[in-house]
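What the coordinates show
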Amino acid sequence: MQKPSLDCRSSAAQAAKIWHDKAGYYNRVDTRAFRHPSRFPAVHALLETSPAHALTQTFSRVQVRDTVRAELERLRSEQRGGPESDGQPCAFDEHGFFEAVRRALDTQHRARLQRAVNATGIVIHTNMGRAPLASAALEAVRDVAQSYSNLELDLETGKRGGRGGQTEALLRRLTGAEAALVVNNNAAAVLLALSAFARDGEVILSRGEMVEIGGAFRIPDVITQNGARLVEVGTTNKTRLSDYAQAITPQTKLLLKVHASNFQIVGFTQSVALADLARLGRERGVLVMEDLGSGALVDLSPYGLPPEPTAGMSMRSGADIVACSGDKLLGGPQCGLLLGKKEQIAQMADHPLFRALRADKMTLAALEATLRLYDSEEAVREIPTLRMLLQTPDALARRARRLRLALAKLPPVTAQVRDGVGYSGGGTLPEAALPSKLVAVSCPPLTADSLAQALRRCRPPIIGRREDGQFVMDVRTLRDDEVPLVAGAFRRITAGLEHG
Ligand SMILES: *Cc1c(COP(=O)(O)O)cnc(C)c1O
């Protein structure tokens, strides 16, 4: 049974209305009665109704209260602007009102940072938070974040210690670097290195590496931002060692190499190997730095993936400084790693900018635990990004079949498994088209776009992609335990269709 709706009619409003009808024009009406808040029920009265109680099962009381208030405010301002000419006194439509409140709360809820199901097949999806963490990393974060820790405390001496001591030791061991430093992200690492070494000098960069990483992080801008002068050498497709050699002047502070992480130049190309650049730098007394981008710690080519340079390889080529991301292929938390010679790393650690760019305890905890997995050779088994990249075709086919079967039970949904191609994403292995299995779904009468939108509105949101006009889900990035979540979302969507 529907509860009687709250009535906002007041005799004052009616009287004014009659006057209005008689007078024939609106401007001279005393509309204070219309504007008066008492035309609508009070917030506290609305909060006592059963639809409000139902909403507080899902949303907090404060959220419901604020949204009810905002919705009332919206109605009021609509009334003020409205012509009020239909001759009807305004009845408060409680059902419609709470529908609007629910929609507003749903929209707010979607906007919050929350877990989402990645069915795009893009393993390192920057818009979806890049690398999901390994369980060991999560436990480490929990441990350190919930309690006090020895973040900057030397437990032997009881005195102040260095942040990230263990992390840096692990990085040294895993990459062969003399020293290491952890900052907020790779962009911060590049920024810090350029500030420490290139200020008021020249940085030499190949025209083939003047790249934009994404989010308008452009390497040439970062160089000039730091008060350094960019010296471009070579051409888009070809740069030779002699181009660098000829460009070196007494003002040259840095030879910079940027890994082509999110694009490929194919065809008639030539670039200078890091080892050759490092040799040139040593001969001429100029620092050589590589922005490696992804920062793989293990070579994945034995597993059938295209070769991606590892941080260890870069160190062995003799570069003075190597910068890379912690949350790309490495599979850790968002951070930037600076690896290199003792002297340069110490100089960056002492730079005033380091304090502003240093990583927090949760990041350091997650990174240290992730690095430990590499150290104990459990990385490919335990780190989600690596696991997803290295799945066997059989495992992908099995998951696709399971998903198809779960969806086949939900008419009008139809699902088909087909072969497809995914990408590692996130500026990693740009050329690596990963053969995968897709589940192509249709859900009439929804179009592919409205199905995608309905799935984005689910809890948790499910993100797929569009291919050949169809909505598809790539199972490479879907976990086995997420298959029921996807089926549940489709169940709710189809139920919604039934109820109109
Ligand atoms: C991704 C990337 C960056 C930026 O790294 P963040 O960790 O996102 O700051 C910089 N340089 C290269 C070559 C990259 O691939």
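Model, not experiment: these values are computed from the prediction. (Residues numbered from 1 in each chain as written. Predicted model: local features only at pLDDT ≥ 70, side-chain atom pairs only at ≥ 80, totals over all residues. Heavy atoms only, no water.)

1. Focus on the overall build of the chain
Within the chain one finds 21 helices and 13 strands. Taken over 500 residues, the chain has a buried fraction of 46%. Considering only intrachain contacts with a sequence separation of at least 6, the fraction spanning at least 24 residues in the chain is 75%. Surface accessibility of the chain: about 25000 Å² in total, with carbon and sulfur atoms responsible for 51%. (Helix = DSSP H or I, 4+ residues; strand = E, 2+ residues; numbered from the N terminus. Buried < 20%, exposed > 50% of the residue type's maximum accessible area, 1.4 Å probe, protein only. Contact = heavy atoms within 4.5 Å. Areas by Shrake-Rupley, 256 points an atom, 1.4 Å probe, with all protein chains shown as cover.)

2. A closer look at helix α14 (residues 342-349)
Here α14 has its buried residues at Gln 344, Ile 345 and Met 348. Taken end-on, α14 shows its buried residues confined to a sector of 100°, consistent with a single buried face. Looking at α14, the residues exposed on the side facing more than 90 degrees away from the buried face are Lys 342 and Glu 343. (Arc of directions from axis to C-beta.)

3. Here we look at the pairing of strand β6 (residues 287-293)
Across the seven residues that make up β6, a large majority, seven, are buried. Alternating residues of β6 divide into Leu 287, Met 289, Asp 291 and Gly 293 and Val 288, Glu 290 and Leu 292, and every residue in both groups is buried. Where strand β5 (residues 252-258) lies against β6, five bridges are found, and the strand directions are parallel. Bridge pairing in β6 places Val 258 opposite Asp 291. The pairing of β6 with strand β7 (residues 321-325) spans four bridges and is classified as parallel. Following the sheet pairing, Glu 290 is matched in β7 by Val 322. Since β6 and β7 lie parallel, the crossover through helix α13 (residues 311-316) that links them has a hand, and here it is right-handed. (Pairing = 2+ DSSP bridges. Right-handed = clockwise from strand over helix to strand, strands pointing away.)

4. What to know about the pattern of salt bridges
This structure, assessed with the given rule, holds 28 salt bridges. With its nearest N and O atoms 2.6 Å apart, the salt bridge here joins Arg 173 to Asp 375. Of this pair, Arg 173 sits in helix α8 (residues 165-175) while Asp 375 sits in helix α16 (residues 361-375), and the two are 202 residues apart along the sequence. On the basis of relative accessibility, which here comes to 54%, the residue Arg 173 falls in the exposed class. Its salt-bridge partner being Arg 229, residue Glu 202 comes within 2.9 Å of it at the nearest N-O pair. Remark: Arg 229 occurs in strand β4 (residues 229-233) and Glu 202 occurs in strand β3 (residues 202-206); sequence separation between them is 27 residues. Through salt bridges that share partners, Arg 418, Arg 465, Glu 467, Asp 468 and Asp 474 make up one connected network. (Salt bridge = Lys/Arg side-chain N within 4 Å of Asp/Glu carboxyl O.)

5. Overview of helix α19 (residues 393-408)
With 16 residues, α19 should reach 22 Å at 1.5 Å per residue; the first-to-last C-alpha distance of 22 Å fits that figure. Within the span of α19, buried status applies to Ala 395, Leu 396, Arg 399, Ala 400, Leu 403, Ala 406 and Leu 407. Projected onto a plane normal to the axis of α19, the buried residues spread over an arc of 135° and lie on a single side. Every exposed residue of α19 that faces more than 90 degrees away from the buried side is listed here: Pro 393 and Asp 394. (Expected span 1.5 Å × (residues − 1).)

6. So, the sheet that holds strand β13 (residues 470-474)
With antiparallel pairing, the four strands of this open sheet are ordered in space as β9-β10-β13-β12. Here the strands that pair on one side only, and so sit at the sheet edges, are β9 (414-423) and β12 (465-467). For this sheet the average axis-to-axis angle between neighbouring strands, irrespective of direction, equals 45°. Relative to β13, β12 runs antiparallel, the two sharing three bridges. Bridged to Glu 467 within β13 is Gln 470. Contacts from α19 reach β9, β10 (433-442) and β13, with the element oriented near 5° to β10. (Axes fitted to C-alpha atoms, helices over the stretch in contact; angles between N-to-C directions.)

7. Observations regarding the packing of helix α9 (residues 186-197) against α14
Remark: α9 packs on α14, axes separated minimally by 10 Å, with the N-to-C direction vectors making an angle of 100°. With respect to α14, the element α9 is oriented roughly perpendicular. Across from Leu 192, Ala 193, Ala 196 and Phe 197 in α9, the residues of α14 making contact are Gln 344, Gln 347 and Met 348. Its residues assigned to classes, the contact of α9 with α14 comprises five nonpolar, two polar and no charged. (Parallel < 35°, antiparallel > 145°, perpendicular 65-115°, else oblique. Nonpolar A, V, L, I, M, F, W, Y, C, P; charged D, E, K, R; others polar.)

8. Side note on the packing of aromatic side chains
Applying the stated criterion across every chain, the model contains three aromatic pairs. Here the aromatic rings of Phe 40 and Phe 92 are separated by 6.2 Å at their centres, their planes lie at 70°, and the arrangement is edge-to-face. In this pair, Phe 40 is assigned in the loop between α2 (32-35) and α3 (43-47) and Phe 92 in the loop between α5 (61-81) and α6 (94-111), connecting sequence segments 52 residues apart. Both rings, one in Phe 92 and one in Phe 97, keep their centres 5.1 Å apart while their planes meet at 50°; by these two values the pair is tilted. The exposure class of Phe 92 is buried, given its relative accessible area of 4%. (Phe/Tyr/Trp six-rings, centres within 6.5 Å; stacked < 30°, edge-to-face > 60°.)

9. Points about the layout of surface pockets
The volume enclosed by the largest pocket comes to roughly 950 Å³. Along the walls of the largest pocket sit 30 residues, with Ala 116, Pro 132, Met 388, Arg 479 and Glu 482 positioned nearest its centre. Those elements giving two or more residues to the lining of the largest pocket turn out to be α7 (135-146) and α18 (384-389). It is α18 that provides the largest number of residues to the lining of the largest pocket, a total of three residues. Across the lining of the largest pocket, the residue classes break down as 13 nonpolar, eight polar and nine charged. (1 Å grid on protein atoms, 1.4 Å probe; cavity = no way out; pocket = protein on both sides within 12 Å on 5 of 7 lines; lining within 4 Å. Points joined across faces, edges and corners; volume = space filled by probe spheres on them.)

10. Here we look at the packing of α7 against α16
In the contact formed by α7 and α16, the axes pass within 8 Å of each other and the chain directions differ by 145°. The element α7 and its partner α16 pack so that their crossing is right-handed. Across the interface between the two elements, Ala 136, Ala 137, Ala 140, Val 141, Val 144 and Ala 145 of α7 pack against Lys 361, Met 362, Ala 365, Ala 366, Ala 369, Thr 370 and Leu 373 of α16. Per-class residue counts for the contact of α7 with α16 are 11 nonpolar, one polar and one charged. (Left-handed = near helix turned anticlockwise from the far one by under 90°.)

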